[in-house]
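Residues per chain, in single letters:
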Amino acid sequence: MNPAAGTALAVLLSLVSAAGYALAAVAQARLAAASPAAPDGRGALRALLARGQWWWAVGLNAAGALAHVAALHYGPLTLVQPLGALTLVAALPLGAYCARRRVTRTEWRGALWTLGGLVGLVAVTGPTAPGEALSLRESLIVAAATASLIAVLASGRLRGREQRGADGPAARGLGHATASGIASGVASALTQTLTAALALDLPGAEPTWWQTALLAVLISGFATGGLLLSQTAYRGGLAAPLAVVNLSNPAAAAVIGVALLGETFRAGAWGWLIAAGASLVAARGVVLLTKGGATAAEPTPMPTAATAAAAVSSPAAVSPVPTVASSAPVVASSVPAVASSAPAAGEALLAAVPAPPLAPESRPAPAPRATGLGAPESEPLPTPVAG
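Reading the values: the criteria
- Residues numbered from 1 in each chain as written.
- Predicted model: local features only at pLDDT ≥ 70, side-chain atom pairs only at ≥ 80, totals over all residues.
- Heavy atoms only, no water.
- Helix = DSSP H or I, 4+ residues; strand = E, 2+ residues; numbered from the N terminus.
- Contact = heavy atoms within 4.5 Å.
- Areas by Shrake-Rupley, 256 points an atom, 1.4 Å probe, with all protein chains shown as cover.
- Phe/Tyr/Trp six-rings, centres within 6.5 Å; stacked < 30°, edge-to-face > 60°.
- Lys NZ or Arg CZ within 6 Å of the ring centre and 35° of its normal.
- Core = buried A, V, L, I, M, F, W, Y, C linked by side-chain atoms within 4.5 Å.
- Buried < 20%, exposed > 50% of the residue type's maximum accessible area, 1.4 Å probe, protein only.
- Expected span 1.5 Å × (residues − 1).

Asks: What is the right way to read the overall build of the protein chain from this model?
Replies: What the protein chain contains, in helices and strands, is 15 helices and zero strands. The long-range share in the protein chain, meaning contacts at least 24 apart out of those at least 6 apart in sequence, stands at 78%. Accessible area of the protein chain: about 22500 Å², with a carbon and sulfur share of 68%.

Asks: What is the right way to read the packing of aromatic side chains from this model?
Replies: A ring pair, where both rings are aromatic, is described by two values, the distance of the centres and the angle of the planes. Per the counting criterion, the structure on display carries zero aromatic pairs. Positioned over the ring face of Trp113 is Arg284, at 5.9 Å from the centre of the ring.

Asks: Mind showing me how you'd approach the nonpolar core here?
Replies: Nonpolar side chains in soluble globular proteins generally cluster together in the buried interior. Counting 34 residues, the largest nonpolar core has Leu88, Tyr234, Leu238, Leu242, Leu247 and Leu289 as its most contacted members. Tallying contributions element by element places helix H10 (residues 239-260) first for this core, with seven residues. Ignoring anything within four residues of it in the chain, the contact list for Tyr234 reads Ala25, Gln28, Ala29, Ala32, Pro241 and Leu242. Within the second largest apolar cluster, 26 residues are counted, among which are Leu134, Ala143, Ile150 and Ala197.

Asks: Help me understand helix H9 (residues 209-233) in this model?
Replies: Three or four residues apart is the spacing at which side chains of an α-helix point the same way, because the helix has 3.6 residues per turn. In this model, H9 (25 residues) spans 36 Å end to end at C-alpha, consistent with the 36 Å of a helix rising 1.5 Å per residue. Of the positions making up H9, those classed as buried are Gln211, Thr212, Leu215, Leu218, Ile219, Phe222, Gly226, Leu229, Ser230, Gln231 and Ala233.

Asks: I tried to follow the side chain of Ser139 on my own but got confused; where do I start?
Replies: Topologically, Ser139 is positioned in helix H7 (residues 136-155). Setting aside its immediate chain neighbours within four residues, Ser139 contacts Leu134, Leu190, Thr193 and Leu215.

Set out below in structure tokens:
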């Protein structure tokens, strides 16, 4: 296959991979929103395993991963990795369409900022010496350290106690999304180690069968944990957690490469500066996506015909203002004190009066009152004295 055809096939497979990941993310977000599990996550795994939509999401994630690996076979990493960032661009309108709303301008701006930062990170964090892999000892150390970090992120211990209740599901979702991206990045690094072990090219002594099996178990555990953590992260929305997953994945791989494999950022010192600037740009994008998701969740959905009929027929839905206007003349014609205080009392006065008074023509005749000069109307007629 000539280079042009290989590049075109790599681009096509990258687009297929991004579409698969985007559809899986939207499906996971909808499952998270409709999950009957408790807010603390109890019973979430049992509920997911019993739903067919969850397995469709797993299949879409697997298809996206296979397409990504195939794209790397036909195209360079510098081309395939930035195209993988299109997952966020595809998932944003798909999620809005499923939610029957429009993508806000803040969300589009956040997506562009995040994409710019992600492309900048990928451009300077690619491997400088392909074929390097972790040793078995390094793999176990990385696995233990990552498991501890994921436990801290998933439990929310990095936030203060006074902030845990106020942050809500959005903040918890970003923590779970970070843990998910780290787990996936470590799973990729361990997969590279497993490949080298199977090819008998692992640094150090030749691994035994149980060591190779242990690597396979660790990879499965981190991959499954990353998938479940992303599912939990989508309880706080779609766009911001997905952006954090896409950012923390290459960041974790870059940390492993720089710390253990002797890799460095491309372009030397300029690469470090570009990586720092790209991280700030991506962080700005995540903040915008968080704000845009909160703004999009504020509007109340349009009421249906049944909801409108119930609202009209409900006595609590009737506004008290027309009642004040219609009953004010009656109150004014019968009780002057009530008429003078009605504008100031408003709803409180109507709540105290059980029912409006009857019209003058329908009222019973009032009791006889004194009409003599100097006698107030409110005083009763004096009792006559015999004799």
